[in-house]
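The residues making up each chain are set out below.
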Amino acid sequence: MASNSKFAEPSVSPSAVTTPRRTRRDIVRANDMAIRAATLDAIVDVGWDEVALTSVAKRAKLTVGAVYARAENKPELGNSVWTEVLKDWLQDSLASLLVAAHQGDPADLIAACAAFESDDVRLQAAVEFLVASLFDDALDEVVGEDARTMLRQLLARDWRVTPEPAKASAHATAGNALLLALTLGRMLSLRSLPNLPPLTAEQAAAQVAMCSADPWTGTAPQGHPVHFLREVDDLDETQAELTEAVIRVVGSVGYRRATIARMGRAAGIGGGSVLSRFQDKANLVAYAACTRLVPPLELWTNYSAEEREFGGHLSRAMWVREVLRPVHRPFWMVNLELARMAMFLPELTPFQLSAAPHHYANLGVMFLGAFGDDLHDLPYAGPFSAGFAT
């Protein structure tokens, strides 16, 4: 039977169909996602110091007002991105690493390490936030405090399978610390040393052994002091004072705030005199780093006498304990800041490259020192004696 046209469905052309209007909540959510993604991209491209809310707005294809509606200032934006995107991801990734090592499967450890060997924007942004927080009080209130809490929790837990979280022994804490030093060192070095080889099966097996070894009951002897600053005989008095001042200022306030005038004042030299010797700040800092700082690899090779006398595992334990003494904090800071800035300033890369890639763990030890508490007295000889390999 033919349909009655009086009751027939009206025909609707496709062009007349409209998409439902987005709610304000949808718009806010979409803007938040765009701003977070743009902030992460900017941090990876130019570094936290150079990020501006206007550039974030441009990357997100939003108005500057939309970004300011999300965060009143740059530190607030950075802290929120850290809290919402990076904090839990980083803690879960590091926990997975420790679980794999303590449960004794090298293949699982290699898989867990892969998260720290990729070009994941979260990894690169987390590195930038962590080191930048050492020199930025506003970031330190959130990022720095979270990092210190995270490290305490990761180090203090026994990651073997237990019904409930258990407190790690001092020996297990030392093993956790050394494994995290390797990982944090890789994180810091990946951009400036892009050809770092992936973790091998042999290295993974050694690290598993390190975390599962029986406690070591001996006592590591006291090693000789580690010297982070070298004396150079062929520098004149002005060069010596200036290069030492550069290291001191960069390690205290970070690269961005270490202006030529500020470094010159610390050395008792006018800014104009500094510029007559060096093209710009990057060249000055690179010269000071390469001339006066002992690179991470050489820090260890200076312990060759201890290695000959006490053997590999004891000498390495002695070295780690000495490097982690709180008195060395200014040198941890400048090494970490130079590693961060080498990601963006080619002039600083030679100092980082002077450390062999397989000794990036030395930089990781300094990272532990910057965010950890009282780590220099842990019994590192046990994990090293179990076959720790770098």
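Numbers given for residues are sequential positions, taken from 1 along each chain in its written order. In view of the model being predicted, local features appear only for residues whose pLDDT reaches at least 70, and side-chain atom pairs are presented and counted only at 80 or more, with totals across whole chains, interfaces and linings using the full set of residues. Each side-chain value is worked out from all heavy atoms of the structure, with water and hydrogens disregarded.

Visitor: Hey, could you run me through the overall build of the chain in this one?
Guide: The secondary structure content of the chain amounts to 20 helices and two strands. Buried, partly exposed and exposed residues are distinguished by accessible area as a fraction of the type maximum, computed with a 1.4 Å probe on protein chains only: under 20%, between the cut-offs, and over 50%, respectively. A burial count over the chain gives 50% of its 390 residues as buried. Think of it this way: any DSSP run of H or I at least four residues long counts as a helix, any run of E at least two long counts as a strand, and we number them from the N terminus.

Visitor: What exactly am I supposed to notice about the packing of helix 5 (residues 106–113) against helix 9 (residues 201–212) here?
Guide: The interhelical angle for the contact between helix 5 and helix 9, taken along N-to-C directions, is 105°, at an axis separation of 9 Å. Compared by their axis directions, helix 5 and helix 9 come out roughly perpendicular. Note on element contacts: helix 9 touches helix 5 through Ala201, Ala204, Ala205, Gln207 and Val208, opposite Pro106, Leu109 and Ile110. Taken together, the residues of the contact of helix 5 with helix 9 break down into seven nonpolar, one polar and no charged. To get an axis, a line is fitted to the C-alpha atoms, and for a helix only the part in contact is used. The angle between two axes follows their N-to-C directions and goes from 0 to 180 degrees. Throughout, the term roughly parallel applies to angles under 35 degrees, roughly antiparallel to angles over 145, roughly perpendicular to angles from 65 to 115, and oblique to all others. Contact criterion: two residues are considered in contact whenever any of their non-hydrogen atoms come within 4.5 Å of each other. Residues are grouped as follows: Ala, Val, Leu, Ile, Met, Phe, Trp, Tyr, Cys and Pro are nonpolar; Asp, Glu, Lys and Arg are charged; all remaining types, including Gly, are polar.

Visitor: How should the confidence of the model for the chain be read in this particular structure?
Guide: Do not read the predicted coordinates in detail wherever pLDDT is low. pLDDT runs from 0 to 100 and stands for how confident the predictor is about each residue. For the chain, mean pLDDT is 85; residues scoring 70 or higher make up 88% of the total. Within the chain, the lowest mean pLDDT, 63, falls on helix 18 (residues 349–353), and the highest, 96, falls on helix 2 (residues 53–60). Contacts from residues 1–10, a stretch scored under 50 in pLDDT, to residues over four places away or in other chains number zero contacts.

Visitor: What is the right way to look at unusual backbone geometry in this model?
Guide: Across residues other than glycine, the phi torsion is negative in most instances, and most of the peptide bonds are trans. Phi at Lys61 takes a positive value of approximately 60°, unusual for a residue other than glycine. Tracing the backbone through its elements, the reader meets Lys61 in the loop between helix 2 and helix 3 (64–70). The residue Asp374 is not glycine, and still its phi comes out positive at about 50°. Mapped onto the fold, Asp374 is located in the loop between helix 19 (360–371) and helix 20 (381–385). Note on Asp374: relative accessible area 66%, which makes it exposed.

Visitor: Would you mind going over helix 11 (residues 260–267) with me for this structure?
Guide: Because each turn of an α-helix spans 3.6 residues, side chains separated by three or four positions end up pointing in the same direction. Every buried residue of helix 11 is accounted for by Ile260, Met263, Gly264 and Ala267. All buried residues of helix 11 lie within an arc of 100° about the axis, which places them on one face of the element. Summarising the contacts, the buried residues of helix 11 are in contact with helix 10 (237–253), helix 12 (271–277) and helix 13 (281–292). Directly after helix 11, the chain includes Gly268, whose backbone phi takes a positive value near 75°. Throughout, the arc means that of the directions going from the helix axis to the C-beta atoms.

Visitor: Even after reading the chapter, I still don't get the nonpolar core, so can you show me in this structure?
Guide: Nonpolar side chains tend toward joint burial in soluble globular proteins. Nine residue types can take part in a nonpolar core, namely buried Ala, Val, Leu, Ile, Met, Phe, Trp, Tyr and Cys, and a core is a set of them joined through side-chain atoms within 4.5 Å. Within the largest apolar cluster, 99 residues are counted, with the highest numbers of intra-cluster contacts made by Leu90, Leu109, Phe129, Trp319 and Tyr380. Here this core takes twelve residues from helix 4 (residues 74–102), the largest share from any one element. Non-local contacts of Phe129, meaning those with residues more than four positions away in its chain, are made with Ile43, Trp48, Gly78, Val81, Trp82, Leu86, Leu139 and Val143. Counting residues in hydrophobic clusters, the runner-up holds 28 residues, among them Ala245, Leu284, Ala288 and Ala342.

Visitor: Before we go on, may I ask you to explain the packing of aromatic side chains in this structure?
Guide: Centre-to-centre distance and the angle between the planes together describe a pair of aromatic rings. A pair of aromatic rings is counted whenever rings of Phe, Tyr or Trp (Trp by its six-membered ring) have centres within 6.5 Å, and the orientation is called stacked for planes under 30 degrees apart, edge-to-face for over 60 and tilted otherwise. With the rule as written, the count across this model stands at four aromatic pairs. Between Trp48 and Phe129, the aromatic rings sit 5.4 Å apart at their centres with planes inclined by 45°, giving tilted as the arrangement. Here Trp48, found in the loop between helix 1 (24–46) and helix 2, pairs with Phe129, found in helix 6 (residues 121–133); they are 81 residues apart in sequence, far enough to count as distant. According to the relative accessible area criterion, Trp48 is buried, its value standing at 2%. Classification of Phe129 as buried rests on a relative accessible area of 0%.

Visitor: Mind showing me how you'd approach the environment of His313 here?
Guide: When you line up the elements, His313 lands in helix 16 (residues 312–323). Look at His313 and you get partly exposed, because its relative accessible area is 27%. Setting aside its immediate chain neighbours within four residues, His313 contacts Trp216, Ala381, Phe384 and Ser385.

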